Structures are given as structure tokens and as C-alpha cells.
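Structural overview for review
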Amino acid sequence: MCGIVAYIGDKEAYPIIIEGLRRLEYRGYDSSGVSILNGDIHTVKKKGKVQALVDAAEGVNLEGTIGIGHTRWATHGKPDDINAHPHNSGNKRLSLIHNGIIENYSTLKKALIELGHVFHSETDTEVLIHLIEEYQTRNNCDLEEAVRLALKKVVGAYAIVVIDSQDPNTIVGARKSSPLVLGIGENEYFLASDASPIIKYTNKVVYLNDEEIVKISRNGSFTIKTIGNELVKSPTIKELDLKLEELEKDGYDHFMLKEIFQQPTTIAESMRGRINADEGWIQLNGLERYMKRFMNAKRITLVACGTSWHSALIAEYLFEELARIPTDVEYASEFRYRKPIVYSDDIVIALSQSGETADTLAALELAKEKGALTYGIVNVVGSSIARITDSGSYIHAGPEIGVASTKAFTSQLVVLTLMALRLGQEKGNISEGEFRELLQAMEDLPRRVEKILELNDKIKFIASEIQESNHALYLGRGLNFPIALEGALKLKEISYVHAEGYPAAEMKHGPIALIDENMPVIVIATNLSAREKIVSNIQEVKARKGIVIAIVKEGDDIINEMADYTIEIPGTMETLTPLLSVIPLQLLSYHIAVMRECNVDQPRNLAKSVTVE
Ligand code: F6R
């Protein structure tokens, strides 16, 4: 949530910052702003998308080789020009951008007002810049020390960058529970919420750790200190393997469509080097390292939010069925606040595309405190969850920029299935024959996904038939129940259509009352074990004149006859069906959103990476 980017070097800062903000816009897009230092600090900020900022900055002198920029997802204070970042100090000397929440801002604000500080915005962030100003003035110290002293007083989460008009050769950044990456170029440095604004210029990065402050000097050096004033000796410089093309739309109308169509490749990528059907093995290094712990675990708890939580629900079926390990699934936000019982021989697995979700991070911290082994299944390399967990497996889906998660979901499912299979094998719960058959079916998945994507036009037609409905019900059983939840979430978040996912058998316990001739009911009926029951559920919907859209296995003539529309997808082994049945639902919601003229990649009120609680 919120994107921050800063530059110091020998190039013009403004175009680099604007380009960076456009790349970070997925993190928040209700307002944006820049401050460029050129003698004085010149700040322009504007409600709306980055383009609104560019329009507002037209004709303003923003020349300069040092600057900061921000794209906001509002927490404290409505989205408007005044609440937009950067925020400047009362003496106009300092300018700051912030991602996170200062929890004790009202106490700090009261004390600062008593000291004569005047506030203009409703944000928690403005308190921080006044606090830094207060320490700088009172102690007559440099910017880095003032930031350090101020942060010692702060409770909450932050990634910040600050500039000082009296010190045009320095940028100071710091983080706690919100991401901040330092990019090291030639005669230039970058600070950003993720590597996307940096990668065009350099692949050398340092991921700051919690409670670290970085001071960058134009003379080509940087130092990292802790808030406790200890120097971090030899920080790790990583070389990223990220290509600029991965951050472009590649000719697709939207990132979401590109990401849906990338799935044959991304599914293959998440298996690459980890599976060999011919030789009959699976290997996930992070898992092998802790195999003994997994074998002795009495319980696995999966924590996640949103779409990642839906993957966790599917993992519960897989871990219990294949590995026979009792498995619980928790919303990270609930887990952390309800005093859960966690034993030191538990394993807590966090699922997160971004690796930065605040609630998931907090749930992991709690699990660590209790001594559980923590395991991260994460997409973004170097992200906070990847770094705080004891072990883990990246899903290797590549950058996911559309706010609605698609390819990360299927890649999470691949990794979870590999884990469940490997654990089941080690436990001796799966026969060699079944194991090899499943591996073969997994290797076949990309081809099957390609076949589903060929149905795009048909799915678009079905979308056109139901695009005007303001409600939809998604039904599935067993492994396809979480897919019903996921289908409903995709429709809600990008089309603003009210949708609910239900286990099909639960329909008669309430939701059936909703069904009439205007209600589209999307039935996910690809799992054969539950097919007869699903057929009855479809009859129940039809008897009440509901519009049935059924996702079925190719050749299912019976459901084909009963449903108003059918989407026939290739068969696979039952365990793998969710990986295929979700894809038509992603396409359906995409087309409905486009037809309803919604902003598919940046739906209202949402942001890609939820770094606040
Ligand atoms: C939905 C969506 C969100 C995320 C959720 C968790 O399409 O993208 O529901 O799944 O915010 O995010 P991560 O996986 O980054 O922890």
C-alpha cells in the first residue's frame, strides 16, 4: 500500500520518479506527489492517478537531480491534494514520503502542537516530518540523526524517505514492517517500495531490514545503521534477475489479461527443477531442509489473506488427503488477534503473493514467538515474508501487477501440491504408481491450461449474457469450494458485482432463497467424485429458474444438457482440478469488468500490497 520512490544521482530526478510512480501505481492510486530539491524543495501533489500529477506539474520548474515521489492508498485522511504526500516540515526545509501507519500519531501530534507546530493535513505522516524537524532543530543535528531520534518515538509501520534542502547531497530512508529497497547504480542511487522502478537502471539492490536507516550520499557511498545507532557492517547486495519486459503489458489491454494468459508458462516455472515425472521425484529445497520437522509435526497451520487464503483452503484438502497431516487454515488477521494455541512443534505456513501483507507478517511473528517452524510460500523475491520465515519456496510466477491475483494463485497451488505430494511420499501414504501418475498430470498442466485459454471467446460471450446482473452465486464442492470463493472474489473486486461463493450442498440451507430468473449461478462441477451431488444441486437451481453456468469436464453431456451455458475444460486428476477450474472464472470476471467499464487493473478502493492492518 502506497508506493514510494526516490532518486539521487547525476540525472534529472523528476522523469525517473514519475516513471517509477507509474510502475508503483498498483500499490495505491488515490493521489500522488513529488518533491524535487533544487535550492529549495519544490513540491507538487494531486488527488487522482499519477497522470493527474503530471498534468498539475506542467510548467512547474522541477529540475534537479535529487527528489522523492509517492503514490497513495489513503488510510488517515481522505484522498485529496492536501493529504497527498510528500509532506513538508513547518520550516519548509524537509520533505518526506511514507508508506505505513504511525499508530501513536495523535499523542505525538498533541505534543508537537504544544511546541508550536502547525498541521495542515489529516494524515499520520505529517506528524512524522514535524517530529523530525523538531529533533533536527532542537539538537542541531544532521538529517540522519534527526530521523533516527524521531523514529525511536514512533509506534507503527513505516517505510520513509526524507530530503533536506540544507543538505542536497543526501537522502535518508528507513523501514519497519513496510518494504524499502535500495538500488545501487553508477553514480546514482534509488530507494523504492519494490524493485520495479529501479530495475531499468540497475539490478544491484539491498533490501533494508526492519528498524534500519540508510543514508545515501551523492559522492557514491551509503551507510546503514539501526535505530539503536549500530552500524550495519557489509550489507548484502543482491543481483536481481528481473527483466523490464516483465513489467510491461506486452500488447495486452490489461495486466490482468496478460497474467491470465501467462499461466501456461508461470505454472511450468513454478515446477521447474522441482519435479521429474520420468524419474519419479519431487524436490523442494526449503522443504527437504526441514523434512524431519515436517514428519514430526502434529499440525500444519496455513495463514493468509484474500486469494492466498483460498489457496490455503485447497492446501488443507491436499495436506490432509495426501500427507495425512492435520491442517488448519486461518485468516492471518484473525489468527494474530485471537490468542491462538501454537505449539513449538507446529509448522506455520504463510502464503502471500507480495510477501508484504501486514496481517500475514504479524501472524508469522506470533508463530515465531511461540517457537513454531515458519515457512513462506511467496512470489516477490526478497520480500519481508521471504526473509523472516525459517524456510520456504518461491512460487516464481514473475511480477503480478494487476491488482486481482490470478497467476500467483495457480502458482501457489502448484507449490502446495508439490509439497503435499512430497510429504505424502515421505510418509508412505501414496503408492509409487499414484505418485508417478500425479507427477505426469502436473507436467501436463501447462498444455491443459492452454486449451482452456482457447475458450476465451466463448467465455466472453457468456460474460456478455450476464454482464448486467448485479449479483452472482458461485457453487462448488470439495476442492472446488475454494474455487467458488475465488471466482466470487474475482468478480466482486474488479466488477463491483455482489457475488458469493458457497459449498454447493449448503445452498439449500439459505442461499437458495436468493435464486430466481435473474440470478446467475456459476457451478464448478469438474470434480468427478462429487458429480452426482452437483447434478442434483444444478437441478435445484434450475427448478427455481436460476441461470446456470457450469464449468465441467470435457464430454459431460448430462450437465451440458441441464445448464444454460457450459464451459468444458480438459480433465485432469481430481487432486489437480482446482488449478484448471479457476481459469474460466478469472476470464469470466475479467470480461464482465471490461464490459461494465471498470478499471480492471486498478479497481476502486484496492491496492495490490496490503501493508497496513
Ligand atoms: C485478490 C487479491 C487479494 C490478495 C490479498 C493477499 O485478487 O489479490 O485478496 O490475495 O490481499 O495478498 P498477498 O497474497 O500479497 O499476501
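Residues numbered from 1 in each chain as written. Predicted model: local features only at pLDDT ≥ 70, side-chain atom pairs only at ≥ 80, totals over all residues. Heavy atoms only, no water.

1. Describing the environment of Leu180
Structurally, Leu180 is set in the loop between strand S8 (170-176) and strand S9 (181-184). A relative accessible area of 1% places Leu180 in the buried class. Note: C-alpha distance between Leu180 and Gly100 (80 residues apart in sequence) is 11 Å. Beyond its immediate chain neighbours, meaning those up to four positions away, Leu180 contacts Ile4, Ala159, Ile160, Val161, Gly173, Ala174, Arg175, Leu191, Ala192, Val206, Tyr207 and Leu208. (Helix = DSSP H or I, 4+ residues; strand = E, 2+ residues; numbered from the N terminus. Buried < 20%, exposed > 50% of the residue type's maximum accessible area, 1.4 Å probe, protein only. Contact = heavy atoms within 4.5 Å.)

2. Brief notes about the packing of helix H17 (residues 481-495) against helix H20 (residues 577-595)
Running from N to C, H17 and H20 point in directions that differ by 20 degrees, and their axes come no closer than 9 Å. Judged by the angle between their axes, H17 and H20 are roughly parallel. The two elements H17 and H20 cross, and the hand of that crossing is right-handed. Counting all contacts with H17, which are made through Ile483, Glu486, Gly487, Lys490, Leu491, Ile494 and Ser495, the residues of H20 involved are Pro578, Ser581, Val582, Leu585, Ser589, Tyr590, Ile592 and Ala593. Here the residues of the contact of H17 with H20 are counted per class, giving nine nonpolar, four polar and two charged. (Axes fitted to C-alpha atoms, helices over the stretch in contact; angles between N-to-C directions. Parallel < 35°, antiparallel > 145°, perpendicular 65-115°, else oblique. Left-handed = near helix turned anticlockwise from the far one by under 90°. Nonpolar A, V, L, I, M, F, W, Y, C, P; charged D, E, K, R; others polar.)

3. Comments concerning the side chain of Arg274
Assignment of secondary structure puts Arg274 in the loop between helix H7 (263-271) and strand S15 (275-276). One buried charged side chain, Arg274, makes no salt bridge at all; its nearest oppositely charged neighbour is Glu269, positioned 9.1 Å away. Of note is the side chain of Arg274, whose polar atom sits 2.9 Å from the backbone oxygen of Tyr394. For Arg274, the contacting residues outside a window of four places in its chain are Trp281, Ile282, Gln283, Leu284, Ser393, Tyr394, His396, Val415 and Leu418. (Lys, Arg positive; Asp, Glu negative; His and termini not counted. Salt bridge = Lys/Arg side-chain N within 4 Å of Asp/Glu carboxyl O. Polar contact = N/O pair within 3.5 Å; in protein donor to acceptor, adjacent residues only side chain to side chain.)

4. Comments concerning helix H15 (residues 432-453)
An α-helical segment advances 3.6 residues per turn. Residues three or four places apart therefore align on the same side. The first and last C-alpha atoms of H15 sit 32 Å apart over 22 residues, in line with the 32 Å expected at 1.5 Å per residue. The sharpest bend along H15 measures roughly 45 degrees and falls at Leu445, with the proline Pro446 sitting one to four residues further on. (Expected span 1.5 Å × (residues − 1). Bend = angle between axes of the 7 residues up to and from the residue.)

5. Structural notes on the layout of surface pockets
Looking at the second largest pocket, its volume works out to about 700 Å³. If you go around the second largest pocket, you meet 31 residues; those closest to its centre are Cys305, Gly306, Thr307, Glu493 and Val610. Elements supplying a minimum of two residues to the lining of the second largest pocket: helix H10 (306-323), strand S19 (347-352), helix H12 (358-369) and H17. Among the elements that make up the lining of the second largest pocket, the one with the highest residue count is H10 (five residues). Each residue belonging to the lining of the second largest pocket can be placed in one class, and the counts come to 13 nonpolar, twelve polar and six charged. Residue-level mapping places the lining of the second largest pocket at the junction of two domains, with at least three residues from each of domain 2 (251-443) and domain 3 (452-598). (1 Å grid on protein atoms, 1.4 Å probe; cavity = no way out; pocket = protein on both sides within 12 Å on 5 of 7 lines; lining within 4 Å. Points joined across faces, edges and corners; volume = space filled by probe spheres on them. Domains from an automatic or database assignment.)

6. Things to note about the packing of aromatic side chains
Summed over the entire model, instances satisfying the criterion amount to seven aromatic pairs. Note on Tyr189 and Phe222: the rings are 5.9 Å apart at their centroids and 70 degrees apart in plane angle, and the pair reads as edge-to-face. Placement of the pair is Tyr189 in strand S10 (residues 189-192) and Phe222 in strand S13 (residues 221-226), with a sequence separation of 33 residues. Residue Tyr189 shares its accessibility class with Phe222, and that shared class is buried. Taking the centre distance of 3.9 Å and the plane angle of 10 degrees together, the rings of Trp309 and Tyr331 count as stacked. You can see Trp309 sitting in helix H10 and its partner Tyr331 sitting in strand S18 (residues 327-331), a full 22 residues away along the chain. (Phe/Tyr/Trp six-rings, centres within 6.5 Å; stacked < 30°, edge-to-face > 60°.)

7. Observations regarding H7
Every buried residue of H7 is accounted for by Gln263, Pro264, Thr266, Ile267, Ser270 and Met271. Among the structural elements, helix H6 (255-261), S15, helix H14 (407-427), H15 and H20 are those in contact with the buried residues of H7. Backbone geometry just downstream of H7 places Gly273 in the positive-phi region, at approximately 75 degrees.

8. Notes on the pattern of salt bridges
Under the definition given, this model contains 32 salt bridges. A salt bridge links Asp81 to Lys46; the shortest N-O distance between them is 3.2 Å. Linking Asp81 in the loop between strand S4 (66-72) and strand S5 (87-88) with Lys46 in strand S3 (residues 40-47), this pair joins segments that are 35 residues apart in sequence. What makes Lys46 partly exposed here is its relative accessible area of 30%. Each of Lys78, Asp80 and Glu122 takes part in a single network of salt bridges with overlapping partners.

9. Structural notes on the sheet that holds S3
With antiparallel pairing, the eight strands of this open sheet are ordered in space as S3-S2-S4-S1-S10-S9-S11-S14. Two strands lie at the open edges of the sheet, namely S3 and strand S14 (238-239), each paired on one side alone. Two strands pair when backbone bridges link them, and strand S2 (residues 31-38) and S3 are joined in this way by eight bridges, in the antiparallel orientation. Residue pairing in the sheet places Ser32 in a bridge with Lys46 of S3. In the packing of helix H1 (residues 13-24) onto the sheet, the strands contacted are strand S1 (3-8), S2, S4 and S10, and the crossing angle to S1 comes to about 160 degrees. Contacts from helix H2 (residues 50-57) reach S2, S3 and S4 within the one sheet, and its direction differs from that of S3 by about 130 degrees. (Pairing = 2+ DSSP bridges.)

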